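What the coordinates show
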Amino acid sequence: MSLWRVLLSILFPPLAVIDRGCGSVLIVLILTLLGWIPGVLAALIILNRK
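As the structure is a computational prediction, the values presented were derived from the model and not from experiment.

A few words on the pattern of salt bridges. For the coordinates displayed, the defined rule picks out 2 salt bridges. Between R5 and D19 there is a salt bridge whose closest N-O contact spans 3.1 Å. Of this pair, R5 sits in helix α1 (residues 3-11) while D19 sits in the loop between α2 (13-16) and α3 (22-34), placing them 14 residues apart in sequence. Between R20 and D19 there is a salt bridge, with the nearest N and O atoms lying 3.8 Å from each other. Note on R20: relative accessible area 37%, which makes it partly exposed. Among the charged side chains, a salt-bridge network with shared partners connects R5, D19 and R20.

Here it is, written out as structure tokens:
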């Protein structure tokens, strides 16, 4: 996980997981709309998975 991805996931979480597939983007987008912190946490978890 690069520093660029971490910063992007903090600023706009759905954009950080755009290359992980449509499902990941939708999950992170919905969580971000429900609250910024759940979206950031989900993005960081998805980015940390291999």
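Further notes follow.
Let us now look at the packing of α1 against helix α4 (residues 36-48). The description of two helices packed together rests on the angle between their axes and the distance between the axes. Relative to each other, α1 and α4 sit at 155°, their axes nearing to 8 Å. Considering their axes alone, α1 and α4 lie roughly antiparallel with respect to each other. Relative to α4, α1 is oriented so that their crossing is right-handed. Between α1 and α4, the residues in contact are R5, V6, S9, I10 and L11 and W36, V40, A43, L44 and L47, respectively. Here the residues of the contact of α1 with α4 sort into 8 nonpolar, 1 polar and 1 charged.

This paragraph deals with a nonpolar patch on the surface. On the surface, I10, L11, F12, L15, I18, W36, I37, L41 and I45 cluster together to form a nonpolar patch covering roughly 940 Å² of accessible area. Elements that contribute at least two residues to the nonpolar patch include exactly α1 and α4. Top element by residues in the nonpolar patch is α4. It accounts for 4 residues. Here L15 is to be found in helix α2. Residue classification places L15 among the partly exposed residues on the basis of a relative accessible area of 41%.

Calculation criteria
- Residues numbered from 1 in each chain as written.
- Predicted model: local features only at pLDDT ≥ 70, side-chain atom pairs only at ≥ 80, totals over all residues.
- Heavy atoms only, no water.
- Salt bridge = Lys/Arg side-chain N within 4 Å of Asp/Glu carboxyl O.
- Helix = DSSP H or I, 4+ residues; strand = E, 2+ residues; numbered from the N terminus.
- Buried < 20%, exposed > 50% of the residue type's maximum accessible area, 1.4 Å probe, protein only.
- Axes fitted to C-alpha atoms, helices over the stretch in contact; angles between N-to-C directions.
- Parallel < 35°, antiparallel > 145°, perpendicular 65-115°, else oblique.
- Left-handed = near helix turned anticlockwise from the far one by under 90°.
- Contact = heavy atoms within 4.5 Å.
- Nonpolar A, V, L, I, M, F, W, Y, C, P; charged D, E, K, R; others polar.
- Patch = residues over 30% accessible without salt bridge, like charges linked within 9 Å, V, L, I, M, F, W, Y side chains within 5 Å.
- Areas by Shrake-Rupley, 256 points an atom, 1.4 Å probe, with all protein chains shown as cover.

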